[in-house]
Amino acid sequence: MSLDRLNTAAVATVEPLLLRCCGSRRWARRIVAHRPYPDVEALLAAADEASYDLTSADLREALVGESAAHPLEGEPQLGILAAHTALRAAHGAYERKFGHAFLCCLDGFAVEERLDQVLAGIRLRLENDAEDELCVTAEELRRLARGRLGRLVGSDSPE
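An account of the accompanying structure is given in this report. (Residues numbered from 1 in each chain as written. Predicted model: local features only at pLDDT ≥ 70, side-chain atom pairs only at ≥ 80, totals over all residues. Heavy atoms only, no water.)

This brings us to the environment of Arg142. On the secondary structure map, Arg142 appears in helix α8 (residues 130-152). Residues Arg142 and Ala50 lie 92 residues apart in sequence; the distance between their C-alpha atoms is 8.8 Å. Within the local environment of Arg142, its side chain forms a polar contact with the side chain of Tyr52, the two groups lying 3.4 Å apart. (Helix = DSSP H or I, 4+ residues; strand = E, 2+ residues; numbered from the N terminus. Polar contact = N/O pair within 3.5 Å; in protein donor to acceptor, adjacent residues only side chain to side chain.)

See the structure below:
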């Protein structure tokens, strides 16, 4: 979808696409409400602002749509059973502690680095308390939404 199309398409067309970038209805509605965007950077800045304004309830809504598979989205088969087992166990421990899927934006990491990044991130973040982890998760969701939105409008999305 081009930026021009995002700016002019009906809400019923755009909102579902935005919800795939970030599962918060409030976030998607804010992006739609502030159209038109003069350029992609203005769109991404608005997305960042909307992300920073998410309440705990908005964040939890967004997390419902996320799955543990998203961090390795587009990843080829990881190959060895031990890696899959370790990843499933780490995700399980994280979800039991925090009650939602682990989010980790892997933009900028090579495919072969992603598994290590996810496993290291889960191990590190399991040390967080719930409040601190919610802040980290919100930032990862912002980064994921920004990257997805940039790809939606056909642009590389710099941090």
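Applying the stated rule across the entire model yields 12 salt bridges. A salt bridge links Arg26 to Asp58; its shortest N-O distance comes to 2.6 Å. In this pair, Arg26 is assigned in helix α3 (residues 25-33) and Asp58 in helix α5 (residues 56-65), connecting sequence segments 32 residues apart. Exposure remark for Arg26: the relative accessible area of 34% places this residue in the partly exposed category. Measuring nitrogen to oxygen at the nearest pair gives 3.5 Å for the salt bridge that ties Asp107 to Arg151. Of this pair, Asp107 sits in the loop between α6 (81-98) and α7 (111-125) while Arg151 sits in helix α8; the two residues are 44 residues apart in sequence, bridging distant segments of the chain. Take Asp107: its relative accessible area is 31%, and that puts it in the partly exposed class. (Salt bridge = Lys/Arg side-chain N within 4 Å of Asp/Glu carboxyl O. Buried < 20%, exposed > 50% of the residue type's maximum accessible area, 1.4 Å probe, protein only.)

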